[in-house]
Amino acid sequence: MSLVKGIHHIALKCCGAEEFEKTVGFYQDVLGLPVARAWGKGEYAGVMLDTGSGIIEIFADGEERLPQGAVRHFALLTDDVAGCVETVRAAGYQITEEPHDCTVPSVPPYGLHIAFCIGPVGEEIEFFKVLS
């Protein structure tokens, strides 16, 4: 039985407010994706756009181009973040962020249980559980 229920989101990291606005404009205005939630302003802005079967999450606070490019990470939806981490660790892969709870300061607040690892070709993977 799979620990993963689907892809929750793909995250894009923009370098500053101008690039953020351009990127959000493309996905929202050109492609017509509605805002699921948004937070912050200026260089601390973030938004989640609803694709109908997942989320595109866009951040404004990138300081420089990342080695993995504009796609910051992808998030796999799961009910068992700790189980995913244990399985990945047992397979010899690096855990870069241990499981923990956090809250996206959107309206309404968005409670999460998350962890991160590095996949076999250097991709950053987030294990993502929405808290009720």
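Residues numbered from 1 in each chain as written. Predicted model: local features only at pLDDT ≥ 70, side-chain atom pairs only at ≥ 80, totals over all residues. Heavy atoms only, no water.

1. Thoughts on the overall build of the protein
This is how the line gets drawn: Numbering goes from the N terminus for both helices and strands, where a helix is a DSSP run of H or I of at least four residues and a strand is a run of E of at least two. Each residue gets one of three labels from its accessible area relative to the maximum for its type: buried under 20%, exposed over 50%, partly exposed in between, using a 1.4 Å probe on protein chains only. Contacts are residue-level and defined by heavy atoms, with any inter-residue pair within 4.5 Å sufficient.
When its secondary structure is counted, the protein shows 2 helices and 8 strands. Mapped from its N terminus to its C terminus, the protein presents α and β elements in the order β-α-β-β-β-β-α-β-β-β. Structurally, the protein occupies a C-alpha span of about 40 × 35 × 25 Å along its principal axes. Here the protein holds 132 residues, and 41% of them are scored as buried. Residue pairs at least 24 apart in sequence account for 53% of intrachain contacts in the protein once pairs closer than 6 positions are excluded.

2. A short note on the pattern of salt bridges
The test is simple: Salt bridges are counted wherever a side-chain nitrogen of Lys or Arg sits within 4 Å of a carboxyl oxygen of Asp or Glu.
Taken as a whole and judged by the stated rule, the model has 3 salt bridges. We note a salt bridge from K5 to D79, for which the minimum N-O separation is 3.4 Å. Remark: D79 occurs in the loop between strand 5 (71-78) and helix 2 (81-90) and K5 occurs in strand 1 (residues 4-13); sequence separation between them is 74 residues. A residue is classified by how much of its surface remains accessible, and K5, at 54% relative accessible area, is exposed. Of the charged contacts, one joins D61 and K13 as a salt bridge, the two residues approaching to 2.7 Å between their closest N and O atoms. With a gap of 48 residues between them, D61 in the loop between strand 4 (55-59) and strand 5 and K13 in strand 1 connect regions that are remote in the sequence.

3. Describing helix 2
Residues separated by three or four positions in an α-helix point in the same direction, a consequence of the helix having 3.6 residues per turn. Within helix 2, the full set of buried residues consists of V81, G83, C84, V85 and V88. Those residues of helix 2 that are buried lie in contact with strand 5, strand 6 (95-104), strand 7 (110-118) and strand 8 (124-130). Phi turns positive, to about 95°, at G92, one or two residues after helix 2.

4. Some details on the pairing of strand 4
To keep things clear, this is the line we draw: Each pair of strands is called paired provided DSSP finds at least two bridges between the two strands.
Most of strand 4 is tucked away: 5 of the 5 residues are buried. With 5 bridges connecting them, strand 1 and strand 4 associate as parallel partners. Bridging from a neighbouring strand, I10 pairs with I56 of strand 4. Connecting strand 3 (residues 46-50) to the antiparallel partner strand 4 that follows it, the hairpin turn spans 4 residues, and G52 within it adopts a positive phi of roughly 100°.

5. Notes on the sheet that holds strand 6
This is how it is decided: A fitted line through C-alpha atoms represents every axis, and for helices the fit uses only the stretch in contact; the resulting angles, taken between N-to-C directions, go from 0 to 180 degrees.
Taken together, 8 strands build an open sheet; the order of strands is 2-3-4-1-5-8-7-6 and the sheet is mixed. Two strands close off the open sheet at either side, each with one partner strand: strand 2 (35-39) and strand 6. The average undirected angle you get between the axes of adjacent strands in this sheet is 20°. Taken strand by strand, helix 2 contacts strand 5, strand 6, strand 7 and strand 8, and its axis lies near 165° from that of strand 6.

6. Section: the pairing of strand 1
Bridge analysis of strand 1 against strand 5 gives 7 bridges, and the strand direction is antiparallel. Paired with H9 across the two strands is A75, which belongs to strand 5.

7. So, the confidence of the model for the protein
Short version of the rule: The predictor attaches a confidence to each residue, called pLDDT, with possible values from 0 through 100.
The predicted model of the protein averages 87 in pLDDT, with 92% of residues at 70 or higher. When the elements of the protein are averaged for pLDDT, strand 5 gives the smallest value, 83, and strand 6 the largest, 97.

8. Details of the state of the cysteines
Heads up, the condition is: Any cysteine sulfur atom paired with another within 2.5 Å is treated as part of a disulfide.
The final tally for this structure, using the stated rule, is 0 disulfides. Left without a disulfide partner, C84 is nearest to the cysteine sulfur of C117, which lies 8.7 Å away. Judged by its relative accessible area of 3%, C84 is buried. On the basis of relative accessibility, which here comes to 2%, the residue C117 falls in the buried class.

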